[in-house]
Amino acid sequence: NKVIVVGGVAGGMSFATRYRRLNQNDDIIIFEKGPYVSFANCGLPYHISGEISTRSGLLVVRETLLKERFHLDIRSNAEVISIDSNNKQVTYLKDGETLVESYDKLVLSTGAKPIVIDIKGQYNVPIFTLRNIPDLDKIMRFIKENQPKHATVIGAGYIGLEVAENLIKKGIQTTIVEKAPEVLPIVDPEMAAFIREELVLKQAQVFTGNEIQEIQGNEVLLASGDRFNTDIIVMAVGVFPDSALAKQANVETGIRGGIKVDQHYQTSVKDIYAIGDAILVKNQVSNQEALIPLASPANRQGRQLADILSGLNVTNKGSLGTSIVKVFDLSLGATGLNERQLAGKKYSVLHLTANDHASYYPNATSIYLKVIYDPETELILGAQAVGQKGVDKRIDIIATAIKAKLPVTFLQELEFTYAPPFGSAKDIVNMAGYVAS
Ligand code: FAD
């Protein structure tokens, strides 16, 4: 068997390494249009400030190791430009040449692309996006050569806020412009408000419910009439599935161009499979089709597809969209659905506050937890938490409870590790269970 993988990072490499373990004799060819496979997309913002100090620290697994240990035929700087599904072959560009390779099975893990919006005006402020190491290199080079004093980040989602924090830590005054009424539109506004306060406390300038109208020279003009000068712009207004190649091969796509797959990651075209940010998944709470561009689902899907193509009985059960972001000293985590996504449905909401560990043990900090559940079935629909410490643990527990379909009242039954430095005898997650019942 000859398997071709397009995209050699989260989903693609997870697929390839697992598939190799199960199939020693198959040919596995990975095409990656960028210079690196298996790099840490999620670490990119932290190199701007130097928090991840070396660029090489962003290369998770070396290409030579993947070639030697896993016998993967890795072709980087090689872009697949078309698929001929009748003759089962792909055409790709490498070193200026147009070449062809045949396949038995084709796996697309082409990821998601940053959305780019046009900005009016006559200006020479550079606008960057951040998806991969070459993008990061461009930002780093500009900062080094031009020593910008002021930066603008468009979009206050996870990536935008991580970039803003790291620009500020680099000593660059930073303004964030977000179109939605509050930062982090992926969660509910009363939770995101904590993050906005933290940003302001750490000297970020934050405009919400606002957008750039035009830029003239170095001056940014906002819809509100506010003006400021800026030297560099990073645009982080969301992503859309990178599905152009799939569409060219007549693979069926849906919402915002997401590739449609069945529960075995099979696309509408025979022997073409897809995983990762490029596909539509079932949201496990709403049971509706969704785009959930996150690393954990992409890795899981890669492994599952390798199992499926090796004859194991595995299915894609969908995703929750469990996520977390650190903004200076605060973290905000979320899982499942938020109130905006539940509009028109029947749901109950709990808000609780407690310390991350016993209050009499030094350095306890507050956690604010929100749990949303169905008042009839008691099933948990979503949760969000914000605080300095322990947010990840609480959201991870609730995400597990959602996957296991535990009712909200059952949260009081859960037993956690406890000693004063770690938690409380009555954890905030237990308390959510008490309050709900
Ligand atoms: P990717 O890992 O993006 O890989 C797709 C690859 O396909 C790309 O390298 C691309 O060059 C290649 N490709 C596309 N088309 C072709 C073609 N025609 N020929 C050859 N190669 C092609 N997720 C989290 O869960 N937590 C985080 O903290 C987090 N932080 C992030 C921070 C940043 C700055 C970014 C950009 C993403 C972050 N993510 C995070 C998202 C996470 O990286 C993705 O969900 C995950 O990488 C998706 O895996 P994938 O395999 O679908 O796509």
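Only a predicted model underlies this, so the values are computations on that prediction, with no experimental measurement involved.

Calculation criteria
- Residues numbered from 1 in each chain as written.
- Predicted model: local features only at pLDDT ≥ 70, side-chain atom pairs only at ≥ 80, totals over all residues.
- Helix = DSSP H or I, 4+ residues; strand = E, 2+ residues; numbered from the N terminus.
- Rg over C-alpha atoms; globule rule 2.2 N^0.38 Å.
- Buried ≥ 20, exposed ≤ 12 C-beta atoms within 10 Å, placed from the backbone.
- Contact = placed C-beta atoms within 7 Å.
- Near = placed C-beta within 6 Å.
- Pairing = 2+ DSSP bridges.
- Axes fitted to C-alpha atoms, helices over the stretch in contact; angles between N-to-C directions.
- Core = buried A, V, L, I, M, F, W, Y, C linked by C-beta atoms within 7 Å.
- Right-handed = clockwise from strand over helix to strand, strands pointing away.
- pLDDT = per-residue confidence, 0-100.
- Parallel < 35°, antiparallel > 145°, perpendicular 65-115°, else oblique.
- Left-handed = near helix turned anticlockwise from the far one by under 90°.
- Nonpolar A, V, L, I, M, F, W, Y, C, P; charged D, E, K, R; others polar.
- Expected span 1.5 Å × (residues − 1).
- Arc of directions from axis to C-beta.

Participant: Please explain the overall build of the protein chain as it appears in this structure.
Facilitator: Helix and strand counts for the protein chain come out as 10 helices and 25 strands. For a compact globule of 437 residues, the expected C-alpha radius of gyration is about 22 Å, and the protein chain comes in at 23 Å, within 12% of that figure. Taking the principal axes of its C-alpha atoms as reference, the protein chain extends roughly 65 × 55 × 40 Å. Looking at the 437 residues of the protein chain, the share that counts as buried comes to 43%. Pairs at least 24 residues apart make up 63% of the contacts formed inside the protein chain by residues separated by at least 6 positions.

Participant: Would you explain the site of the ligand in this entry?
Facilitator: What surrounds the ligand is a group of 33 residues, the closest being G7, V9, G11, G111 and G276. Only helix 1 (10-22), strand 2 (27-32), helix 2 (44-49), strand 4 (78-84) and helix 8 (295-309) provide two or more residues apiece to the shell around the ligand.

Participant: Looking at this structure, how should I read the sheet that holds strand 22 (residues 330-336)?
Facilitator: The strands making up a sheet associate through backbone hydrogen bonding, with each pair oriented either parallel or antiparallel. If you trace the five strands from one edge of the open sheet to the other, you get 21-22-25-24-23, paired in antiparallel fashion. The open sheet has two free edges, formed respectively by strand 21 (323-327) and strand 23 (348-355), since each of these has just one partner strand. Taking the axes of each pair of neighbouring strands and ignoring which way they run, one obtains an average angle of 10 degrees across the sheet.

Participant: Help me understand the sheet that holds strand 3 (residues 73-76), please; the structure alone is not making it clear to me.
Facilitator: Read across the open sheet, the five strands follow the order 3-2-1-7-18; overall the sheet is parallel. Either end of the sheet is taken by a strand with one partner, and the two such strands are strand 3 and strand 18 (272-274). Mean inter-strand twist for the sheet, computed between neighbouring axes without regard to direction, equals 20 degrees. Pairing of strand 1 (residues 2-6) with strand 7 (residues 105-108), which is carried by four bridges, proceeds in the parallel orientation. Bridge assignment links I4 to a residue of strand 7, and that residue is L106. Those strands touched by helix 1 are strand 1, strand 2 and strand 7, and its axis lies near 170 degrees from that of strand 2.

Participant: Sorry if this is basic, but what is going on with the nonpolar core here?
Facilitator: Side chains of a nonpolar character, in soluble globular proteins, are inclined to be buried together. By size, the foremost hydrophobic cluster in this structure holds 121 residues, and its most contacted members are L108, A274, L332 and I398. Once residues lying within four places of it in the same chain are set aside, the contact partners of L108 are V6, G7, L245, A246, I259, I272, A274 and A278.

Participant: Before we go on, may I ask you to explain unusual backbone geometry in this structure?
Facilitator: Glycine aside, a negative phi is what most residues show, and trans is what most peptide bonds show. Unusually for a residue other than glycine, R256 sits at a positive phi of about 50 degrees. Of note, R256 is situated in the loop between helix 7 (244-248) and strand 18. With a phi angle near 65 degrees, D271 is a residue other than glycine that sits in the positive phi range. For D271, the location among the structural elements is in the loop between helix 7 and strand 18. Of the residues examined, D271 has 14 C-beta atoms within 10 Å and is grouped as partly exposed.

Participant: Help me understand the pairing of strand 11 (residues 173-177) in this model?
Facilitator: Successive residues of a regular strand alternate their side chains across the two faces of the sheet. With four of five residues buried, strand 11 is to be regarded as a mostly interior element. Inspection of the sheet shows strand 10 (residues 150-154) paired to strand 11 by five bridges, in the parallel sense. For I154, the partnering residue across the bridge sits in strand 11 and is V177. Handedness of the β-α-β unit built from strand 10, helix 5 (residues 158-169) and strand 11 comes out right-handed. With helix 6 (residues 189-201) bridging strand 11 and its parallel neighbour strand 12 (residues 205-207), the resulting β-α-β unit is right-handed.

Participant: Honestly, the environment of L161 in this entry has me stumped. Any pointers?
Facilitator: Positionally, L161 belongs in helix 5. For L161, a count of 30 C-beta atoms within 10 Å translates into the label buried. Considered as a pair, L161 and R62 are 99 residues apart in the sequence and their alpha carbons are 29 Å apart. Discounting residues that sit within four places of it in the chain, L161 has contacts with A156, V183, V325 and V327.

Participant: Can you walk me through the confidence of the model for the protein chain in this structure?
Facilitator: The predicted coordinates should not be examined in detail at positions where pLDDT is low. Of the residues in the protein chain, 100% reach a pLDDT of 70 or more, and the chain-wide mean stands at 97. As a predicted assembly, this complex carries a pTM of 0.97 together with an ipTM value of 0.99.

Participant: What's the story with the packing of helix 1 against helix 8 in this structure? I'm lost.
Facilitator: The geometry of a pair of packed helices is captured by two quantities: the angle between their axes and the separation between those axes. Where helix 1 meets helix 8, the closest approach of the two axes is 7 Å, and the angle between their N-to-C directions is 30 degrees. Judged on the interaxial angle alone, helix 8 and helix 1 are roughly parallel. Seen from above, helix 1 lies across helix 8 with right-handed handedness. Together, A10, G11, G12, S14, F15, R18, Y19 and L22 of helix 1 and A295, A298, N299, Q301, G302, R303, L305, A306 and L309 of helix 8 make up the contact between the two elements. Split by residue class, the contact of helix 1 with helix 8 holds nine nonpolar, six polar and two charged.

Participant: What's the story with helix 4 (residues 133-146) in this structure? I'm lost.
Facilitator: Think of an α-helix as turning once every 3.6 residues; residues three or four places apart then point the same way. If you check helix 4, its first and last C-alpha atoms are 20 Å apart, about what 14 residues at 1.5 Å a residue would give, namely 20 Å. For helix 4, the set of buried residues is I133, L136 and I139. Buried positions in helix 4, seen along its axis, are confined to an arc of 125 degrees and lie on one side of it. Set apart from the buried face of helix 4 by more than 90 degrees, the exposed residues are P134, R141, E145 and N146. Residues of helix 4 that are buried sit in contact with helix 2, strand 9 (127-128) and strand 16 (232-235). Of the residues trailing helix 4, Q147 is marked for its positive phi of about 45 degrees.

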